[in-house]
Amino acid sequence: MKNKIARPKVAIVMGSQSDYSIMKLCEKVLKILKIKYETKIVSAHRTPTRLYKFAKTAEKNNISIIIAGAGGSAHLPGMIAAITSIPVIGVPIESQKLKGLDSLLSIVQMPKGIPVGTVAIGKDGAINAALFSASIISIKDSKVKKNLENWRTKQTNSVKKKPK
Ligand code: RP5
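Bear in mind that the values here come from a model prediction, so they are computed numbers and not experimental data.

A. How the structure looks around the pattern of salt bridges. Inspection of the entire model under this criterion finds four salt bridges. Salt-bridge contacts for Lys-9 lead to Glu-38; the nearest nitrogen and oxygen are separated by 3.2 Å. Within this pair, whereas Lys-9 is found in strand 1 (residues 9-14), its partner Glu-38 is found in strand 2 (residues 36-41), the two being separated by 29 residues in sequence. Where Glu-38 meets Lys-40, a salt bridge forms, and the shortest distance between an N and an O atom there is 3.1 Å. Three or more residues joined by partner-sharing salt bridges are found here, namely Lys-9, Glu-38 and Lys-40.

Pasting the structure below:
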């Protein structure tokens with residue numbers, strides 16, 4: 001009997017409920033591309049035990065990629081990456097006072113040894129984090145590759161030749 005290989009799953013995590021209006025764009029894109037995902041609030045400073053348990057069990061729970069959105073000092077993606085070797089993509093959330101520059105620098109400036117892939121601040125970053133996950137999954141999953149290629153073709157076709 002053949003062993004059933006589990007489809008790759010993405011975990012979308014965020015530091016606070018207030019990040020969800022941005023992070024739900026990851027869900028939207030993954031849904032379109034037919035990629036399995038789970039979504040959780042995991043805060044590095046408010047729920048450190050939850051963070052540790054999540055990162056420690058991610059591999060056992062068949063998570064292939066983790067997208068972590070955080071704002072302000074934004075240590076969530078780096079902390080998760082320190083606990084698991086599953087690839088982590090950080091989405092800098094736009095903060096009120098510094099407009100997300102704080103989040104961006106916190107996530108992108110990981111010292112050598114523990115990498116975190118970093119995308120743009122806010123909505124663009126959330127969408128690109130999901131698309132980037134799809135690209136990584138596409139290496140081994142031909143269905144996702146096809147879905148991603150279709151998505152790109154649609155995008156190309158939606159660009160008009162002349163402005164109105
Ligand atoms: C971070 O603090 C979260 O990722 C969020 O972006 C920011 C503000 O959180 P709230 O005060 O809105 O809960 O942990």
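B. Layout of the site of the ligand. For the ligand, the full set of nearby residues is Gly-15, Ser-16, Ser-18, Asp-19, His-45, Arg-46, Ala-70 and Gly-71. Gly-71 places a polar main-chain atom, nitrogen or oxygen, 3.1 Å from an oxygen atom of the ligand. Protein contact buries 67% of the 360 Å² of open area that the ligand shows by itself. Here the residues of the shell around the ligand are counted per class, giving one nonpolar, five polar and two charged.

C. Here's a closer look at the sheet that holds strand 5 (residues 117-118). On the basis of which strands lie adjacent, the open sheet formed by five strands has the order 2-1-3-4-5 and parallel pairing. Every other strand in the sheet has two partners, leaving strand 2 and strand 5 as the edge strands with one partner each. The sheet strands contacting helix 2 (residues 48-57) are strand 1, strand 2 and strand 3 (63-71), and the helix crosses strand 2 at an angle near 160°.

D. Examining the environment of Ser-16 more closely. Here Ser-16 shows up in the loop between strand 1 and helix 1 (20-32). Ser-16 sits 126 residues away from Ser-142 along the chain, and the two C-alpha atoms are 34 Å apart. Excluding residues within four positions of it along the chain, Ser-16 makes contact with Ile-41 and Arg-46.

E. Region of interest: the packing of helix 5 (residues 123-138) against helix 6 (residues 142-157). Look at helix 5 against helix 6: their axes get within 8 Å of each other, and the N-to-C directions meet at 140°. When the axis of helix 5 is compared with that of helix 6, the two are oblique. Remark: the crossing between helix 5 and helix 6 carries left-handed chirality. Note on element contacts: helix 6 touches helix 5 through Val-144, Lys-145, Leu-148 and Trp-151, opposite Leu-131, Ala-134, Ser-135, Ile-137 and Ser-138. Grouping the constituent residues of the contact of helix 5 with helix 6 by class yields six nonpolar, two polar and one charged.

Cut-offs used in this document
Residue indices begin from 1 for each chain and proceed along its sequence in written order. Predicted model: local features are reported for residues with pLDDT of at least 70 only, side-chain atom pairs are reported and counted for 80 or more only, and whole-chain, interface and lining totals are derived from all residues. The side-chain values count all of the structure's non-hydrogen atoms but skip hydrogen atoms and water molecules. For this document, the term salt bridge refers to a Lys or Arg side-chain nitrogen within 4 Å of an Asp or Glu carboxyl oxygen. Elements are defined by DSSP. Helices are runs of H or I of four residues or more, strands are runs of E of two residues or more, and each kind is numbered from the N terminus. Put simply, a residue is near a molecule or strand once any heavy atom of it comes within 4 Å of that molecule or strand. Definition of a polar contact: a pair of N or O atoms within 3.5 Å, with one able to donate and the other able to accept a hydrogen when the atoms are protein atoms, and with sequence-neighbouring residues admitted only if both atoms are side-chain atoms. Residue-level accessible areas treat just the shown protein chains as cover; the underlying method is Shrake-Rupley with a 1.4 Å probe. Side-chain classes are defined by residue name, with Ala, Val, Leu, Ile, Met, Phe, Trp, Tyr, Cys and Pro counting as nonpolar, Asp, Glu, Lys and Arg as charged, and the others, Gly among them, as polar. DSSP calls a pair of strands paired once it identifies at least 2 bridges connecting them. Contact between two residues is taken to exist if any of their heavy atoms lie within 4.5 Å; hydrogens are not considered. To get an axis, fit a line to the C-alpha atoms, keeping to the stretch in contact for a helix; angles then go from 0 to 180 degrees between the N-to-C directions. Small angles under 35 degrees read as roughly parallel and large ones over 145 as roughly antiparallel, with 65 to 115 read as roughly perpendicular and the rest as oblique. By definition, turning the near helix anticlockwise from the far helix through less than a right angle yields a left-handed crossing, and turning it clockwise yields a right-handed one.

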